[in-house]
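A closer look at the structure
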Amino acid sequence: RSDIDKAVELASKAHAADYDLDGNPTILHPLAVGMMGRTDAERIVGFLHDVVEDTRYSFEELENAGFSQEVIAALRLLTHDKETPYMEYIEHICKSGNETAINVKINDLRHNLARGKEGGHMRCVEKHTEALAYIEAYLAARS
């Protein structure tokens with residue numbers, strides 16, 4: 001099996017019977033983020049980006065499933081520890097220089113913005129707008 005197949009299967013199992021704020025199956029979000037990826041690593045990380053943060057799965061289990069260190073490193077960056085202020089977490093992703101993590105976070109924010117606007121979750125829209133603007137400014141300053 002390909003790592004993409006493994007990622008979709010694991011994410012589907014991890015998010016089974018979970019629903020988002022609007023009552024949609026949670027798995028739809030990681031599937032959308034994964035599909036936005038331009039590389040296999042971005043797709044795999046996109047499918048798995050909420051697994052450790054939002055389910056009972058650990059990084060060790062993902063490593064044991066055979067995912068590469070590139071994937072695990074990006075997932076570690078993308079997993080938000082609730083003790084860390086959100087914008088500090090965003091800054092850490094940017095400063096890491098990990099292109100996979102940065103690109104997946106951009107895709108995650110874009111999808112969250114679209115569904116936040118659609119669902120009328122304006123506090124989420126504001127938070128994600130600020131984060132996306134930060135990342136875009138960071139990348140513009142870097143180039």
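See the structure above.
All of the points below concern the structure found in this document. (Residues numbered from 1 in each chain as written. Predicted model: local features only at pLDDT ≥ 70, side-chain atom pairs only at ≥ 80, totals over all residues. Heavy atoms only, no water.)

**Some words on the overall build of the protein**
What the protein contains, in helices and strands, is 9 helices and 0 strands. Scaling as 2.2 N^0.38, a compact globule of 143 residues should have a C-alpha radius of gyration of about 15 Å, and the protein matches this with 14 Å. Its C-alpha atoms give the protein principal-axis dimensions of about 40 × 35 × 30 Å. Expressed as a percentage of the 143 residues in the protein, the buried residues total 43%. As displayed, the protein offers around 7,700 Å² of accessible surface, 51% of which is attributable to carbon and sulfur atoms. (Helix = DSSP H or I, 4+ residues; strand = E, 2+ residues; numbered from the N terminus. Rg over C-alpha atoms; globule rule 2.2 N^0.38 Å. Buried < 20%, exposed > 50% of the residue type's maximum accessible area, 1.4 Å probe, protein only. Areas by Shrake-Rupley, 256 points an atom, 1.4 Å probe, with all protein chains shown as cover.)

**Some points on the pattern of salt bridges**
Pairing is possible between side chains of opposite charge, provided their charged atoms come close. This model, assessed by the stated rule, comprises 11 salt bridges. A salt bridge links Lys-6 to Asp-3; its shortest N-O distance comes to 3.1 Å. Taken together, the residues Lys-6 and Asp-3, both in helix α1 (residues 3-14) and 3 residues apart, mark about one turn of the helix. For Asp-3, a relative accessible area of 29% corresponds to the partly exposed category. (Salt bridge = Lys/Arg side-chain N within 4 Å of Asp/Glu carboxyl O.)

**Some points on α1**
Taking 1.5 Å per residue as the helical rise, α1 with its 12 residues ought to reach 16 Å, and the 16 Å between its terminal C-alpha atoms agrees with that figure. Taken together, the buried positions of α1 are occupied by Lys-6, Ala-7, Leu-10, Ala-11 and Ala-14. Buried residues of α1, seen end-on, are gathered within an arc of 125° and therefore sit on one face of the element. On its buried face, α1 is in contact with α3 (40-48), α4 (51-54) and α5 (59-64). (Expected span 1.5 Å × (residues − 1). Arc of directions from axis to C-beta. Contact = heavy atoms within 4.5 Å.)

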